[in-house]
Amino acid sequence: MSIGHAIQKGSLIYIYDQHGKQITSVSAPGRWPEDGLKHHTSTTISVQKGSLIYRYDESGRMVGRPLPAQPVMLGHQGQQLLSA
């Protein structure tokens, strides 16, 4: 089964299959504005919690090790820039 889409509502991320049926949900408590769902693929979702990015599969199980989140830097006019 593959991930069709994922949506965050409050502190939960709902994972749906390609037919729109909910598969599972993952907790995403947000202490910082950057926390929460970052993106998804057909096999994983990525969730930022503090300074780390966690990946979960379509069953809501953590996959691999957490990775450091890339800090967001603001340019001189307030636009977001990705750090290298």
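Whatever comes next refers back to the structure up there.
Given the structure is predicted, the values throughout are model-derived calculations rather than measurements.

*Asks:* Explain the environment of Gly36 residue by residue, including any values.
*Replies:* Positionally, Gly36 belongs in strand 4 (residues 36-40). With a relative accessible area of 1%, Gly36 lands in the buried category. Residues contacting Gly36, with those up to four places away along its chain left out, are Gln8, Ser46, Val47 and Gln48.

*Asks:* Quick rundown of the sheet that holds strand 5 (residues 45-49)? Include the residues and the values.
*Replies:* Here four strands make up an open sheet; going across it, the order is 4-5-6-7 and the pairing antiparallel. With partners counted over all chains shown, the strands left at the sheet margins are strand 4 and strand 7 (62-68), one partner each. Along the sheet, successive strands turn relative to each other by an average axial angle of 25°, direction set aside. Bridging between strand 6 (residues 52-56) and strand 7 involves four bridges; their strand directions are antiparallel. By the bridge assignment, Ile53 is partnered in strand 7 with Leu67.

Criteria and thresholds
- Here the residue numbering is sequential within each chain, running from 1 through the sequence in written order.
- Only residues with pLDDT of at least 70 get local features here, since the model is predicted, and only at 80 or more are side-chain atom pairs given and counted; chain-wide, interface and lining totals rely on the full set of residues.
- Processing note: side-chain calculations cover all non-hydrogen atoms of the structure and skip hydrogens and water entirely.
- Numbering of helices and strands runs from the N terminus, with a helix taken as a DSSP run of H or I at least four residues long and a strand as a DSSP run of E at least two residues long.
- For each residue, the accessible area found with a 1.4 Å probe, counting protein chains only, is set against the maximum for its type, and the residue is called buried under 20%, exposed over 50%, and partly exposed in between.
- Note on contacts: a residue pair is in contact if any heavy atoms of the two residues lie within 4.5 Å.
- By this definition, two strands are paired if DSSP reports at least two bridges between them.
- Helix axes use the C-alpha atoms of the stretch in contact, all axes being lines fitted to C-alpha atoms, and the angles between their N-to-C directions lie in the range 0 to 180 degrees.

This is a description of form; function is not addressed.
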